[in-house]
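Chain by chain, the residues run as shown.
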Amino acid sequence: MSETADLLAKTQKQILDANSLNELSDLQLVIFSKKDGAMNELIVKISQLPSEDRATFGKEINEAKTQILAMLEARKNELFQNEEEEIFDVTLPLEIAQVQSLAQASLHPLTQTIREIEDIFSHLGFLRRRYRETDTDYYAFEALNMPEGHPARDEWETFYLTNPNQVITPHTSNGQIHEMELGDLPIRMINISRCGRRQEDTTHCRTFYQFEGLLIDENVSITDLKGVLTYFVHSFFGKDREFRLRPYNFRFTEPSFEIDITCGVCSGNGCNTCKEGWMELGGAGMVHPNVVKAGKLDSKIYNGFAFGWGVERVFAMRNISEALPDIRILYQSDLRFLKGEP
Amino acid sequence: MNLTVPHIWLKDFLETKISPPELARKLSLYGPTVESLEEIDNNVVYHIEVTPNRTDLMSIEGVARETAAILNREKNQAKFKPLIVSDKIKPAKTELPLNIECENRSLMPQMMAVIMDDIQVLQSPKDLKTRLELTGSRPLANVIDISNFVRIALGHPLHIFDYDSIKGNLMRTRESRKGEVIETLDGTTREIPAGSIIIEDSERIIDLCGIMGGKNSEVTQNTKRVVVLVPLYESSRIRKTFRSLNHATDSALIYEKGIDPTLTRRAFMETVNLLEKLAGGKVASKEFSWFMEPVKGASVKLSLTQLESVLNENIPGEKVTHYLESLGMKVTGNQDVYHVTPPSWRKEDIKIPEDIIEEIARLHGLGELKITMPGGRLPEAIIEPNFQFERIIENHLASFGLSECYSESATSLANCSYLSLAIKDLVHIENPLIAERSVMRPNLLCNLLPAVSNNLSRFEDVAVFEKERTFKAVGNALPVEIMSLTCILAAQEADKIFYTLRGIGESLLSALLIGNYSLTKSQNPKPYLMKNKTCDLKTADGTVLLSVGVLKTSVAEKFGIHSPTVIMEAEVETLTTRATKLRKLPLMLNHPSVVEDLSFIVPFQTQVGDLKRLAEFELRTQCPLGKIMMKDLYDTLELRSKKQKGITLSVSYQTYDKTPNPQTVTKARETIIEKLQNTFQAQIRSI
């Protein structure tokens, strides 16, 4: 018997004798070990052979190596199979089962933020909703006064699905139309849901949450929006924070505003983290009559206001003094971040 | 869009004593937002964010006009000085030949052009250079600077060609065909998207309209004669072209959003005027031009009642008129209904009463409006209870030591294939940002398992959960979105963590007050779970509430996980729709029960929980309040050699009215022994 055949036979036996995946991977290490592995011993021998024999022997070794790898793979698959043959009592009553004790854990900061938002608005009679994350182009754009080909659509960095006219909604405003279509009036909705946009940097994630407020009734005024806004800003950020409305333009509201609140770091005096004492919270406005019509309501009777702000954004604005250099950490499931001290 | 406005340039159009910081603050509060105020070489510049509906603010003149309206909202603090241009160009002494043609007027609905001779290409004067530099545009030579200067001052793009480079005295505007190319001014050769607007001479394309001119006809040091072209283009085509080239120039963005048509003549006259003044140019052709039908001044009706209702404030009629007139609008009408006609530069923007209300609201001051709480009725709809039950789920899992995770909605095809998930169910993203996130996750494990793997490099045990949507394709219909729950435990001992997670699952059901479920080995385990180590918690009708299973080692390895890993999965709605808020109140009995231990020898493969369930069922046929606890499980060498194991059940006999008598106990015991014998080949060992 040649040396390679010898090695093959010996190794085959070892492989078949390995009864667990751990044993098998240990064995693999031993066989191919550079230091004193059996395979290596053979390779070392090549140099001691007369040069005319080297090629044949080398070929033999290579074949042996291939065969060993195949045997290892085969045994591994067998063991994977065996793993599922082992008798195991899935029904064992817990009073007798041994269990593992787990360390403390907590809710994700975004869950805590979402709950807080939900609760603040529920005091004002706003009902929590969670509308679709994937939606048709109609709900994400067209019904929101952004017809096909309108330049305003470009601002949303939208993900499209391969199905025609379907998107990952780039905002929670699709919920405005879904809610109005239910036809239950008056409407006070807070739609907290996932969105997606084609952008990623330290302040943007491809996946993010927004909360969308919608109030539809008769004779709704901008001053009502200011009231709800005041309640939210004071409840969420603190009574000492002030806000301002800046004129803006969105397709689905008219008039439209952007809302700034005073910076929590410098108390509105101006610093590195804000713009002259103000931090941008998000957009709001009086629902555009075309949107009310798209929601199948009579825009001559009903009007209202809407706003849509980022959950991560309000979370980050409140935690600005703490370390949150990169907002993407929220989506990385890193236990060092999630298991922080209380 | 953004516009950089140097204070000195603004002052060319505006008389005011207001300081730049105050001016910036007022603009932000009552008009376009000033993103920042910058000082460059003792000059102040404003960085202004222009919203897409206000292309009229994409010019220094436009910003000056708006600033004047804002500064004069209460008392006169500023005077707007619009640029005055002459009506007509000087007649040419000699006319140079040029044919301007247009295949289809909708491509270029309006334009003015002229040839100018005797051009001297020089440096621009200092004033002009400074203004351009402050806007961030690099001065090159007078002719080129003038076209930029006029565009920024008035907001109308234009192009100046070298007349002698144009072949065959022809400028023909047409739609581009597939496969045509142009080398643009910046030296880049671009393939022109089909359907773009281009200008060609008798031999080649010389302008990619609205985006950038052609290199072959650019103005150089040697230019002596030029063609000035001030055109309007079909916005949707410009948009398509720059979108597909992914090259948005300032001109393209302005064209896309639309330009006040009355600006064309003013921009043209100012360009000719500056070329005469600063480059010695002389008009050398007739004026080439064609114009659109002027848009009729459609007026918008504004009801003062509606205004008062939206603003919750009564603004006197003369104030309303003052605000609107300061923005260039014509106001007629009386009492309640005003007819408001927007100026040419706001025609596209002011179309409905709400547009007018916005103008009044902002000039009046959004900050000055009252703060009220919405009145009216509260919604009658009922709060969806799901959200409350979801809170219970989240709280429960976290308090049992599972850290809550959020991962992205999209995942990779590879992750799906590692889990052997059906390809046909996948929802694909047409334009993913990165290839590793090209499908919507069909399962929360897709993104959680990689996270578990990462965490295992730092932690010995990993216990996590996530609750969010998963997606399933349904042909061309919208994907089904399923609110899903996945818990993962990874630690050293597979059996131990299996029972731990199953226990957490069972206690979760009891927290949701879901009773009456059964626990059985899965008939149809997921392809990534070991079939011998997977169980389902099911309702009486067979709906799976939760399933718990050990991840196949072969799958775990693909995710780089080398610890035993147990997974619990559920569809959240299955849980929340069965959850209840009201707990059944227990009976408090005062009579003691009879308790005894029963020991059995059973075949090794017996699923003891099934046995216990049957025993309890039989017990309750005799003793309705009977209970069974598992007390011991043992195997000895002897038992093992016979492929058997031993169990001890602690049986508690109880009925509603009294402690069961010995006959009842005996009968119950015998029934249990008999049924266990028949069903599980359990031999009674001792009582």
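Just so it is clear, the structure is predicted and the values come from calculations on it, not from any experiment.

What counts and what doesn't
- Residues numbered from 1 in each chain as written.
- Chains lettered and ligands numbered in written order.
- Predicted model: local features only at pLDDT ≥ 70, side-chain atom pairs only at ≥ 80, totals over all residues.
- Heavy atoms only, no water.
- Helix = DSSP H or I, 4+ residues; strand = E, 2+ residues; numbered from the N terminus.
- Rg over C-alpha atoms; globule rule 2.2 N^0.38 Å.
- Buried < 20%, exposed > 50% of the residue type's maximum accessible area, 1.4 Å probe, protein only.
- Contact = heavy atoms within 4.5 Å.
- Areas by Shrake-Rupley, 256 points an atom, 1.4 Å probe, with all protein chains shown as cover.
- Salt bridge = Lys/Arg side-chain N within 4 Å of Asp/Glu carboxyl O.
- Pairing = 2+ DSSP bridges.
- Buried area = accessible area lost by both parts, 1.4 Å probe.
- Polar contact = N/O pair within 3.5 Å; in protein donor to acceptor, adjacent residues only side chain to side chain.
- pLDDT = per-residue confidence, 0-100.
- 1 Å grid on protein atoms, 1.4 Å probe; cavity = no way out; pocket = protein on both sides within 12 Å on 5 of 7 lines; lining within 4 Å.
- Points joined across faces, edges and corners; volume = space filled by probe spheres on them.
- Nonpolar A, V, L, I, M, F, W, Y, C, P; charged D, E, K, R; others polar.
- Phe/Tyr/Trp six-rings, centres within 6.5 Å; stacked < 30°, edge-to-face > 60°.
- Lys NZ or Arg CZ within 6 Å of the ring centre and 35° of its normal.
- Axes fitted to C-alpha atoms, helices over the stretch in contact; angles between N-to-C directions.
- Parallel < 35°, antiparallel > 145°, perpendicular 65-115°, else oblique.
- Left-handed = near helix turned anticlockwise from the far one by under 90°.
- Arc of directions from axis to C-beta.

## Focus on the overall build of chain A
Working step 1: The helix and strand inventory of chain A stands at 11 helices and 10 strands.
Working step 2: Against the globule reference of 20 Å for 342 residues, chain A gives a C-alpha radius of gyration of 32 Å, more extended than a compact globule.
Working step 3: Taking the principal axes of the C-alpha coordinates as reference, chain A spans close to 100 × 50 × 50 Å.
Working step 4: Within chain A, the proportion of its 342 residues that are buried is 56%.
Working step 5: Considering only contacts in chain A between residues 6 or more positions apart, those separated by 24 or more positions represent 66%.
Working step 6: Roughly 15100 Å² of accessible area belongs to chain A as shown, and the carbon and sulfur atoms make up 48% of that amount.

## Quick word on the pattern of salt bridges
Working step 1: Following the criterion strictly, the structure yields 77 salt bridges over all chains and no others.
Working step 2: Among the ionic pairs, Arg244(A) bridges to Asp260(A), the shortest N-O distance being 2.7 Å. Here the residue Arg244(A) occupies a position in strand β7 (residues 243–250), and Asp260(A) occupies one in strand β8 (residues 253–262), the gap between them amounting to 16 residues. Each member of the pair, Arg244(A) as well as Asp260(A), carries the same accessibility label: buried.
Working step 3: Among the ionic pairs, Asp164(B) bridges to Arg225(B), the shortest N-O distance being 2.7 Å. Taken together, the residues Asp164(B) in the loop between β8 (159–162) and β9 (170–175) and Arg225(B) in the loop between β14 (212–213) and β15 (226–232) connect sequence positions 61 residues apart.

## Section: the sheet that holds strand β3 (residues 159–160) of chain A
Working step 1: Reading across the sheet, the 3 strands line up as β2-β4-β3 (chain A) and stay open at both edges, with antiparallel pairing between neighbours. On the outer flanks of this sheet lie β2 (134–136) and β3 of chain A, each paired with one strand and no other.

## Focus on the interface of chain B and chain A
Working step 1: Contacts between the two partners involve 132 residues from chain B, matched on the other side by 108 residues from chain A.
Working step 2: At the boundary of chain B with chain A, total buried surface from both sides reaches about 10500 Å², with 54% on carbon and sulfur atoms.
Working step 3: Its largest share of buried area at the contact with chain A, chain B owes to Phe387(B), Tyr406(B) and Tyr499(B), together 8% of the area lost on that side.
Working step 4: Our enumeration of links across chain B and chain A arrives at 14 salt bridges.
Working step 5: A salt bridge links Lys76(A) to Glu557(B); the shortest N-O distance between them is 3.3 Å.
Working step 6: Counting across the chain B and chain A interface gives 65 residue pairs in polar contact (both at pLDDT 80 or more).

## Considering the confidence of the model for chain B
Working step 1: This prediction gives chain B a mean pLDDT of 94; 99% of its residues lie at or above 70.
Working step 2: Here the complex is predicted with pTM 0.91, and the ipTM for its interfaces comes to 0.91.

## Some points on the layout of surface pockets
All names here are of chain B.
Working step 1: By volume, the second largest pocket is sized at about 1800 Å³.
Working step 2: Elements supplying a minimum of two residues to the lining of the second largest pocket: α15 (494–511), β27 (517–521), α18 (608–622) and β32 (627–634).
Working step 3: Here the element with the most residues in the lining of the second largest pocket is α18; it accounts for 6 residues.
Working step 4: Across the lining of the second largest pocket, the residue classes break down as 17 nonpolar, 12 polar and 10 charged.

## Regarding the packing of aromatic side chains
Working step 1: What the rule picks out here adds up to 23 aromatic pairs over all chains.
Working step 2: Pairing Phe121(A) with Phe126(A) gives two aromatic rings, centres 5.6 Å apart and planes at 65°, and the pair type is edge-to-face. Just as Phe121(A) is buried, Phe126(A) falls in that class too.
Working step 3: Among the aromatic residues, those joined into a ring-pair cluster are Phe121(A), Phe126(A), Phe211(A), Phe232(A), Phe236(A), Phe237(A), Phe307(A) and Trp309(A).
Working step 4: Of note, Arg65(B) hangs over the ring of Trp345(B), and the distance from its end group to the ring centre comes to 3.7 Å.
Working step 5: The ring of Trp290(B) is capped by Arg105(B), whose NZ or CZ atom sits 3.9 Å from the centre of that ring.

## Brief notes about the sheet that holds strand β5 (residues 187–196) of chain A
Working step 1: As summarised here, the arrangement of the 7 strands in space is β1-β5-β6-β10-β9-β8-β7 (chain A), forming an open sheet in which the pairing is mixed. The strands lining the two open edges of the sheet, one partner per strand, are β1 (127–129) and β7 of chain A. The sheet shows a mean angle of 25° between the axes of neighbouring strands, taken without regard to direction.
Working step 2: Relative to strand β9 (residues 278–287) of chain A, β8(A) runs antiparallel, the two being bridged by 8 bridges. Its bridge partner lying in β9(A), Ile261(A) is registered against Met279(A).
Working step 3: The strands that helix α11 (residues 353–364) of chain B touches are β7 and β8 of chain A; relative to β8(A), the one it contacts most, it runs at about 30°.

## A closer look at the packing of helix α9 (residues 304–311) of chain B against α11(B)
Pairs of packed helices are described in terms of their axes, by the angle between the two and the distance that separates them.
All names here are of chain B.
Working step 1: For the pair α9 and α11, interaxial distance at closest approach is 10 Å and the crossing angle is 55°. Between α9 and α11, the angle falls in the class oblique. Considering how the two elements wind past one another, α9 and α11 form a crossing that is right-handed. Taken together, the residues of α11 that come into contact with α9 (itself represented by Gln306, Leu307, Val310 and Leu311) are Pro353, Glu354, Ile357, Ile360 and Ala361.
Working step 2: Here the contact of α9 with α11 is composed, by residue class, of 7 nonpolar, 1 polar and 1 charged.

## Focus on empty space enclosed by the protein
Working step 1: According to the stated counting rule, one finds 5 cavities of 30 Å³ or more in the structure shown.
Working step 2: Contributions of two or more residues to the lining of the largest cavity are made by α5 (109–123) of chain A together with α12 (386–399) and β25 (462–474) of chain B.
Working step 3: Tallied by class, residues from the lining of the largest cavity come to 6 nonpolar, 1 polar and 10 charged.
Working step 4: By volume, the second largest cavity amounts to about 160 Å³.

## Examining the confidence of the model for chain A
Working step 1: Looking at chain A as a whole, its pLDDT mean stands at 90, while 98% of the residues score no less than 70.
Working step 2: When the elements of chain A are averaged for pLDDT, helix α3 (residues 38–46) of chain A gives the smallest value, 76, and β2(A) the largest, 98.

## Considerations on helix α10 (residues 317–326) of chain B
Residues and elements named next belong to chain B.
Working step 1: Burial in α10 covers these residues: Gly317, Val320, Thr321, Tyr323 and Leu324. The buried residues of α10 occupy an angular sector of 165° when projected down its axis, which confines them to one face.
Working step 2: Buried residues along α10 sit against β18 (300–303), α9, β19 (330–334), β20 (337–341) and α11.
Working step 3: Immediately beyond the C-terminal end of α10, within one or two residues, lies Gly328, with a positive phi of roughly 90°.

## Some remarks on the packing of α10(B) against α11(B)
Residue and element names in this part refer to chain B.
Working step 1: Packing of α10 against α11 brings their axes to within 10 Å, and their N-to-C directions diverge by 100°. Judged by the angle between their axes, α10 and α11 are roughly perpendicular. Contact residues: α10 offers Lys319, Val320, Tyr323, Leu324 and Ser326, while α11 offers Ile356, Glu359, Ile360, Leu363 and His364.
Working step 2: Looking at the contact of α10 with α11, its residues break down into 6 nonpolar, 2 polar and 2 charged.

## A short note on the pairing of strand β3 (residues 33–40) of chain B
All names here are of chain B.
Working step 1: Alignment of β3 against strand β4 (residues 43–49), held across 7 bridges, turns out to be antiparallel. In the strand pairing of β4, Glu39 is matched with Val44.
Working step 2: In this structure, the hairpin formed by β3 and β4 is closed by a connection of 2 residues, where Asp41 is found at a positive phi of approximately 45°.

## Quick look at unusual backbone geometry
Residues and elements named next belong to chain A.
Working step 1: Note that the residue after Leu185, namely Pro186, is joined by a cis bond; omega there is -5°.
Working step 2: Positionally, Pro186 belongs in the loop between α7 (174–182) and β5.
Working step 3: Cis geometry is adopted by the peptide bond preceding Pro255, which originates at Glu254 and carries an omega value of -5°.
Working step 4: By the element assignment, Pro255 lies in strand β8.
Working step 5: Phi at Asn165 is positive, roughly 60°, even though this residue is not glycine.

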